Amino acid sequence: MPAFTAQAPAKVILFGEHAVVYGRPAIAVPVISLRARAIVRAEPRAPHGQVRLLAPAVELDALLDELAEDHPLRRVVELTAEELGAAYLPACQISIQSEIPPASGLGSGAAVSVAIIRAVAAYLGKSLSDETVSKIAYEVEKIYHGTPSGVDNTVIALQKAVFFVRGQPIQPLRVGRPFTLVIADSGIPSPTAATVADVRVAWQQDPARFEALFDQIGAIVLQARALIEKGQPDQLAELMNRNQSLLQELGVSSPVLEHLIDAARHAGALGAKLSGGGRGGNLIALVNSSDASIVAQALKEASARGVIVTTVG
Ligand code: PMV
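A few points about the site of the ligand
If you check the shell around the ligand, you find 16 residues, and the closest are Lys-11, His-18, Ser-149, Asp-152 and Thr-192. Between an oxygen atom of the ligand and a main-chain N or O atom of Gly-105, the distance comes to 3.2 Å. Within the complex, 97% of the 380 Å² of free accessible area of the ligand lies under protein. Among the detected pockets, the ligand sits in the largest pocket. Mapped by element, the contributors of at least two residues to the shell around the ligand are strand 1 (3-15), helix 4 (151-158) and helix 5 (192-205). Its residues assigned to classes, the shell around the ligand comprises six nonpolar, seven polar and three charged.

Here is the structure:
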């Protein structure tokens, strides 16, 4: 049987997480060394319209109709078929594999959605624009995250660096000179919905203070965009450190993240910050490429669970 396969990368947020939920800009980049993959195989002998979903990593083996109506995997398949005007999918099996650790700020949910959307579209003999793929994935992000800004689905659908403002058209970001990041997993799962909800409560209690923090983060993002475009990535380091201090003030850092960030800086990282929802999940460190392995080793010794070196641009 022919198989229709699609892949989608992980992502990290370079600048602007949390403030982006409140209308400030953010910068995010794909991490192509980690991928989610969806494979659709026709099952002509299965009953008409029967769709079976297999995701061994989460021990899922179920028929689409057996899943709750708001199950993210069911929604993504149904929304894609709907978008393409297909009343049903010809009987098939959809297998999902992902190398992206969940609940760690790397966009695993959005990557799985994007891979499924593209594989299902290919199975139906169609293709969808990046904008439409992102729009469908955003609907599913709402199930995972409650009130997502849309940055994850955007950067993952586009597979390129983006300057993102909630509700605005996709703006790819030109990377003037490549730069190297070390990404380290604190090993602490931290669902984004929880940190986003906590920031919302704190913002409601002291809106003036939180709006001022969001403004400062927004200003950092604008400076970072200019440096990335001009090809002056070394100067991003100071901005990363300042963004991290502001994230601490928002209440989304944690002792473990700070311990790892200190370890990266001591080992020669130019700058470092948490990435994504915070509390746990991942941090990113900007490094000279020749120092990447030293910083990676220091992070492992400081008890990071997984460490990846990636080049942006
Ligand atoms: O990287 P993640 O999936 O943890 O995304 C978090 C980004 C936030 O700004 C905290 C939330 C959002 O929807 O943008």
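Here the narrative resumes, following the displayed structure.
Examining the sheet that holds strand 9 (residues 271-275)
Adjacent strands of a sheet pair through backbone hydrogen bonds, lying either parallel or antiparallel. One open sheet holds the four strands; their spatial order is 9-10-8-11, and the pairing between them is antiparallel. Edge strands, defined here as strands with exactly one partner in the open sheet, are strand 9 and strand 11 (306-312). On average, adjacent strands in this sheet sit at an angle of 25° to one another, irrespective of strand direction. Pairing geometry for strand 8 (residues 179-185) and strand 11, over seven bridges, is antiparallel. Along strand 11, the bridge assignment pairs Thr-180 with Thr-311. Helix 9 (residues 292-301) rests against strand 8, strand 10 (282-287) and strand 11 of the sheet, and its axis sits at about 10° to strand 8.

Brief notes about the layout of surface pockets
In this structure, the largest pocket encloses a volume near 860 Å³. Residue lining of the largest pocket: 45 residues in total, with Ala-103, Ser-108, Gly-109, Tyr-144 and His-145 positioned closest to the centre. Element by element, the count of residues in the lining of the largest pocket is highest for helix 2 (residues 108-123), at four residues. Tallied by class, residues from the lining of the largest pocket come to 23 nonpolar, 18 polar and four charged.

Overview of the nonpolar core
By size, the foremost hydrophobic cluster in this structure holds 112 residues, and its most contacted members are Leu-14 and Phe-15. Of the residues forming this core, the biggest block, eleven residues, is contributed by helix 2. Beyond its immediate stretch of four places on either side in the chain, Phe-15 contacts Ala-26, Ile-27, Ile-220, Val-221, Ala-224, Leu-236, Leu-239, Met-240, Asn-243 and Lys-273.

Some words on the packing of helix 2 against helix 4
Axis separation between helix 2 and helix 4 bottoms out at 9 Å; the angle between their running directions is 50°. As judged from the angle between their axes, helix 2 and helix 4 are oblique. As for how helix 2 packs across helix 4, the hand of that crossing is right-handed. The segment helix 2 lies against helix 4, with Ala-110, Ala-111, Val-114 and Arg-118 engaging Asp-152, Asn-153, Ile-156 and Ala-157. Across the contact of helix 2 with helix 4, the residue classes break down as five nonpolar, one polar and two charged.

Thoughts on the environment of Val-12
Inspection of the secondary structure assignment puts Val-12 in strand 1. According to the relative accessible area criterion, Val-12 is buried, its value standing at 1%. Separated by 270 residues in the primary sequence, Val-12 and Asn-282 place their C-alpha atoms 8.6 Å from one another.

Scoring rules and cut-offs
- Residues numbered from 1 in each chain as written.
- Predicted model: local features only at pLDDT ≥ 70, side-chain atom pairs only at ≥ 80, totals over all residues.
- Heavy atoms only, no water.
- Near = heavy atom within 4 Å.
- Polar contact = N/O pair within 3.5 Å; in protein donor to acceptor, adjacent residues only side chain to side chain.
- Areas by Shrake-Rupley, 256 points an atom, 1.4 Å probe, with all protein chains shown as cover.
- 1 Å grid on protein atoms, 1.4 Å probe; cavity = no way out; pocket = protein on both sides within 12 Å on 5 of 7 lines; lining within 4 Å.
- Sits in = over half its atoms within 2 Å of the grid points.
- Helix = DSSP H or I, 4+ residues; strand = E, 2+ residues; numbered from the N terminus.
- Nonpolar A, V, L, I, M, F, W, Y, C, P; charged D, E, K, R; others polar.
- Pairing = 2+ DSSP bridges.
- Axes fitted to C-alpha atoms, helices over the stretch in contact; angles between N-to-C directions.
- Contact = heavy atoms within 4.5 Å.
- Points joined across faces, edges and corners; volume = space filled by probe spheres on them.
- Core = buried A, V, L, I, M, F, W, Y, C linked by side-chain atoms within 4.5 Å.
- Buried < 20%, exposed > 50% of the residue type's maximum accessible area, 1.4 Å probe, protein only.
- Parallel < 35°, antiparallel > 145°, perpendicular 65-115°, else oblique.
- Left-handed = near helix turned anticlockwise from the far one by under 90°.

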